[in-house]
Amino acid sequence: QDFLLKTSILDRLSAPLCDAVADRGDSHAVLSSLEHANLFIIPLDPAREWYRYHHLFADLLRQRLRVEKPHAEALLHRCACQWYADHDFRAEAIQHALAAADWERAAELISRAFDDLLKRGETVTLMNWYSALPEDFVEARSDLCLAYSWPLIFAAQLDKAESYLRQAEQLAQGDPARLG
């Protein structure tokens, strides 16, 4: 039950990821036994390296986690974020940082992914991530204001972009390099 509750925060499951999130070393055996017992787990690839819980089962587990271990969810998301970041799954790492309300970590990960996503035209993804951050958190940092303005400009949300650019300029006063 502990394994199921802790891993319920994950959209996709792999043994190494589950080991990191559930803080154990036998996740491969647990996933295999769950699959063989036909217990609401669905393989996502022929090699059976990735799984997911049935959606209704996952919802039930998440609800139970919130009731039984209300303070554990953020820590579990942080563990998942770290594992995904360490294994170069940037989008998943960012999603878990946001779910953990770890705004600093989320901003750091978004900043690392920013150039690649902007070059590929993934402005909607960037806008979704920036808008998931608390507005006062974004408005307190000139680097975030400036970065958020780019996808807004590409999405033709010029008034909103101008507001963030003004905020970035105001925050950069006294820092000639940043202001330039």
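These numbers were taken from a predicted model, which means no experiment stands behind them. (Residues numbered from 1 in each chain as written. Predicted model: local features only at pLDDT ≥ 70, side-chain atom pairs only at ≥ 80, totals over all residues. Heavy atoms only, no water.)

Q: Let's hear about the packing of aromatic side chains: which residues, and what values?
A: Taken as a whole and judged by the stated rule, the model has 10 aromatic pairs. Among the aromatic residues, ring-to-ring pairing joins Trp-50, Trp-83, Tyr-84 and Phe-89 into one connected group. Above the plane of the ring of Trp-50 lies Arg-12, whose end atom (NZ or CZ) is 4.1 Å from the centre. (Phe/Tyr/Trp six-rings, centres within 6.5 Å; stacked < 30°, edge-to-face > 60°. Lys NZ or Arg CZ within 6 Å of the ring centre and 35° of its normal.)

Q: I'd like a rundown of the packing of helix 5 (residues 72-86) against helix 6 (residues 90-99), residues and numbers included.
A: Axis separation between helix 5 and helix 6 bottoms out at 8 Å; the angle between their running directions is 160°. The orientation of helix 5 with respect to helix 6, classified from their angle, is roughly antiparallel. Between helix 5 and helix 6 the crossing geometry is left-handed. Together, His-77, Ala-80, Cys-81, Tyr-84 and Ala-85 of helix 5 and Glu-92, Ala-93, His-96, Ala-97 and Ala-99 of helix 6 make up the contact between the two elements. A per-class count over the contact of helix 5 with helix 6 returns 7 nonpolar, 2 polar and 1 charged. (Axes fitted to C-alpha atoms, helices over the stretch in contact; angles between N-to-C directions. Helix = DSSP H or I, 4+ residues; strand = E, 2+ residues; numbered from the N terminus. Parallel < 35°, antiparallel > 145°, perpendicular 65-115°, else oblique. Left-handed = near helix turned anticlockwise from the far one by under 90°. Contact = heavy atoms within 4.5 Å. Nonpolar A, V, L, I, M, F, W, Y, C, P; charged D, E, K, R; others polar.)

Q: Before we move on, can you summarise a nonpolar patch on the surface with the specific residues and values?
A: A cluster of nonpolar side chains, contributed by Leu-146, Trp-150, Ile-153, Phe-154, Leu-158 and Leu-165, occupies part of the molecular surface with about 550 Å² of accessible area. Counting only elements with at least two residues in the nonpolar patch, the list comes to helix 10 (142-154) and helix 11 (158-171). With 4 residues, helix 10 is the largest single contributor of residues to the nonpolar patch. (Patch = residues over 30% accessible without salt bridge, like charges linked within 9 Å, V, L, I, M, F, W, Y side chains within 5 Å. Areas by Shrake-Rupley, 256 points an atom, 1.4 Å probe, with all protein chains shown as cover. Salt bridge = Lys/Arg side-chain N within 4 Å of Asp/Glu carboxyl O.)

Q: Please provide a residue-by-residue account of helix 11, values included.
A: Since the α-helix advances by 3.6 residues per turn, residues separated by three or four positions end up pointing in the same direction. Compared with an ideal rise of 1.5 Å per residue, which puts 14 residues at 20 Å, helix 11 spans 20 Å between its outermost C-alpha atoms and is within 8% of the ideal. Looking at the buried side of helix 11, the elements it contacts are helix 9 (135-139) and helix 10. (Expected span 1.5 Å × (residues − 1).)

Q: Hey, could you go over the pattern of salt bridges for me, with residue numbers and the actual values?
A: Counted under the stated rule, the structure contains 17 salt bridges. Here Arg-64 ties to Glu-68 by a salt bridge, and the two come within 2.7 Å at their closest N and O atoms. Here Arg-64 pairs with Glu-68, and both are found in helix 4 (residues 55-68), just 4 residues apart, close to one helical turn. For Arg-64, a relative accessible area of 35% corresponds to the partly exposed category. Because the salt bridges share partners, they merge into one network encompassing Asp-2, Lys-6 and Lys-69. (Buried < 20%, exposed > 50% of the residue type's maximum accessible area, 1.4 Å probe, protein only.)

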